[in-house]
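Fold and contact review
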Amino acid sequence: MSGENPPLVGKLLRHWWHRTTAGYAHLAEAYLVEAAERVGSIIENFMAVGESVNT
């Protein structure tokens, strides 16, 4: 989430404490970003399939 501030990211991830988000902030290396994008795509596809089943 390049350019997003830590409190916003923490809220999106439903972290209760800012220290939780801060603990992950150093993990912004390229391979982790790519992995997160792959997981996000899988979730997006899963949600799209669920929406088409429910309509």
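Not measured: the values here are computed from a predicted model.

**A closer look at a nonpolar patch on the surface**
Among the surface-exposed residues, Val39, Ile43, Phe46 and Met47 lie close enough to one another that they form a single nonpolar patch of about 440 Å² accessible area. Mapped onto the fold, Ile43 is located in helix 3 (residues 30-54). You can call Ile43 partly exposed: its relative accessible area is 44%.

**Overview of the confidence of the model for the protein chain**
When pLDDT is averaged along the protein chain, the result is 78, and 82% of the positions lie at 70 or above. Taking the mean pLDDT of every element in the protein chain, the minimum, 79, falls on helix 2 (residues 18-24) and the maximum, 82, on helix 3.

Criteria and thresholds
- Residues numbered from 1 in each chain as written.
- Predicted model: local features only at pLDDT ≥ 70, side-chain atom pairs only at ≥ 80, totals over all residues.
- Heavy atoms only, no water.
- Patch = residues over 30% accessible without salt bridge, like charges linked within 9 Å, V, L, I, M, F, W, Y side chains within 5 Å.
- Areas by Shrake-Rupley, 256 points an atom, 1.4 Å probe, with all protein chains shown as cover.
- Salt bridge = Lys/Arg side-chain N within 4 Å of Asp/Glu carboxyl O.
- Helix = DSSP H or I, 4+ residues; strand = E, 2+ residues; numbered from the N terminus.
- Buried < 20%, exposed > 50% of the residue type's maximum accessible area, 1.4 Å probe, protein only.
- pLDDT = per-residue confidence, 0-100.

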